[in-house]
Amino acid sequence: MLDVLNLTKSFGDLTVLDGFDLTLKKGRFMTLVGASGCGKSTLFDVLTGVIQRDAGDIMWMGQEIPNLGKKAAYMQQKDLLLPWLSLIDNALLPARISKRDNNAREKALLLFNRLGISGFEDYLPRKVSGGMRQRCALVRTLMFEHDLVLLDEPLSALDAITRRSLQSLLLLLQSEFNKTILMITHDVEEALLLADDVLVLRAFPMTVCETFVLDTPKPRRGNNPGILKTKEHILQILENEQTNGTPY
């Protein structure tokens, strides 16, 4: 579905990406795990066209494209809801921008109900909790109707209890809405609970130092012995990178 080939990006003397490769198959949930500053968000900025790549190719369904701007929905750490619009109007922005208003409100209302925020459609963002705002952002993401969803640490600003409840909703993207997902995070346990494939990254330039393919059925629990063992192994990899002088 998505192939990233030989992607390269530098900022002055700092090379963040240098020949970076990635393949994401349709229907998979892939997470990229690495310490803050290793280049994960730069990768997303290049993929979405926010910044230009220096070299490399982005292939979508076997065809080269300039970026994923029109191919992927993008959900970030901050909900980015417009404060002067109600939750429902925020959720409807993708349909209105693309002029696909037919039945859009009905679809959004169904999603509000499915994601547990029915009854709050007319509230302004400042009147609801952070978790509810992120649920609304998730509705907005689904309203883009793209097969690929990019998630840039969408739960990192939330408290632990809210974060856990929303992790189950992220799983719905794959299991119920048939999305292919690429998510970046620095939370190793979160990656192991959600993903089919976990890529552990090292920095400068960003490279994949180890890949884990997880076949344990979802939903998973953090106290699962296999999850705990893999989590410890990944944390050890990241700690070794820091010890060896990788400038995180």
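It should be noted that the structure appears before, not after, this text.
Colleague: Sorry, what's going on with the sheet that holds strand 2 (residues 14-24) here?
Modeller: Strands in a sheet are paired, the pairing made by backbone hydrogen bonds, and the direction either parallel or antiparallel. Strand order in the open sheet formed by 4 strands is 2-1-4-5, with antiparallel pairing between adjacent strands. Looking at the sheet topology across the chains shown, the edges are occupied by strand 2 and strand 5 (63-65). In this sheet, neighbouring strand axes are inclined to one another by 30° on average, regardless of whether the strands run parallel or antiparallel. Relative to strand 2, strand 1 (residues 2-11) is paired through 8 bridges, and the arrangement is antiparallel. When the sheet's bridge partners are listed, Val-4 is paired in strand 2 with Leu-22. Against the sheet, helix 1 (residues 40-48) touches strand 1, strand 2 and strand 4 (55-60), its axis set at about 115° to strand 1.

Colleague: Teacher, can you tell me more about the packing of aromatic side chains here?
Modeller: Each aromatic ring pair is characterised by the separation of its centres together with the angle its planes make. One pass over the full model with this rule turns up 2 aromatic pairs. Centre to centre, the rings of Phe-44 and Tyr-74 are 5.8 Å apart; their planes meet at 65°, and the pair counts as edge-to-face. Residue Phe-44 is located in helix 1, and its partner Tyr-74 is located in strand 6 (residues 72-75); the two are separated by 30 residues in the primary sequence. For Phe-44, a relative accessible area of 0% gives the class buried. Note on Tyr-74: relative accessible area 23%, which makes it partly exposed. Measuring from centroid to centroid gives 5.0 Å for Phe-120 and Tyr-123, while their planes differ by 55°, and the two rings are tilted. Residue classification places Phe-120 among the partly exposed residues on the basis of a relative accessible area of 28%. Take Tyr-123: its relative accessible area is 37%, and that puts it in the partly exposed class. For Lys-9, the ring lying beneath its charged end belongs to Phe-11, and the centroid distance is 5.3 Å.

Colleague: Is there a simple way to think about the sheet that holds strand 6 in this case?
Modeller: Taken together, 6 strands build an open sheet; the order of strands is 6-7-8-3-9-10 and the sheet is mixed. Two strands bound the open sheet, and with one partner strand each, they are strand 6 and strand 10 (207-213). Within the sheet, the average angular offset between the axes of one strand and its neighbour, ignoring direction, is 20°. Both strand 3 (residues 29-33) and strand 9 (residues 197-202) contribute to a ladder of 4 bridges, which runs parallel. The residue of strand 9 that forms the bridge with Val-33 is Val-200.

Colleague: Would you mind showing me how to read the environment of Leu-24 here?
Modeller: For Leu-24, the location among the structural elements is in strand 2. For Leu-24, a relative accessible area of 0% puts it in the buried group. Separated by 21 residues in sequence, Leu-24 and Asp-3 have C-alpha atoms that sit 6.5 Å apart.

Colleague: What am I meant to see in the pairing of strand 10 here?
Modeller: In the case of a regular strand, side chains alternate between the two sheet surfaces. By the bridge criterion, 6 bridges tie strand 9 to strand 10 in an arrangement that is antiparallel. Bridge assignment links Leu-199 to a residue of strand 10, and that residue is Thr-211. The antiparallel pairing of strand 9 with strand 10 creates a hairpin that spans 4 residues between the two strands, and Phe-204 there sits at a positive phi of about 55°.

Colleague: Looking at this structure, how should I read the side chain of Glu-190?
Modeller: With respect to the element layout, Glu-190 can be found in helix 7 (residues 188-194). By relative accessible area, Glu-190 is classed as buried at 1%. At 2.8 Å, the side chain of Glu-190 and the side chain of Arg-163 are in polar contact.

Colleague: So what exactly am I meant to see when it comes to the environment of Asp-187 here?
Modeller: Along the chain, Asp-187 turns up in the loop between strand 8 (180-185) and helix 7. On the accessibility criterion, Asp-187 (23% relative accessible area) is partly exposed. Each C-alpha atom, one on Asp-187 and one on Glu-239, is 14 Å from the other, the two residues being 52 residues apart in sequence.

Conventions we followed
Residues numbered from 1 in each chain as written. Predicted model: local features only at pLDDT ≥ 70, side-chain atom pairs only at ≥ 80, totals over all residues. Heavy atoms only, no water. Pairing = 2+ DSSP bridges. Helix = DSSP H or I, 4+ residues; strand = E, 2+ residues; numbered from the N terminus. Axes fitted to C-alpha atoms, helices over the stretch in contact; angles between N-to-C directions. Contact = heavy atoms within 4.5 Å. Phe/Tyr/Trp six-rings, centres within 6.5 Å; stacked < 30°, edge-to-face > 60°. Buried < 20%, exposed > 50% of the residue type's maximum accessible area, 1.4 Å probe, protein only. Lys NZ or Arg CZ within 6 Å of the ring centre and 35° of its normal. Polar contact = N/O pair within 3.5 Å; in protein donor to acceptor, adjacent residues only side chain to side chain.

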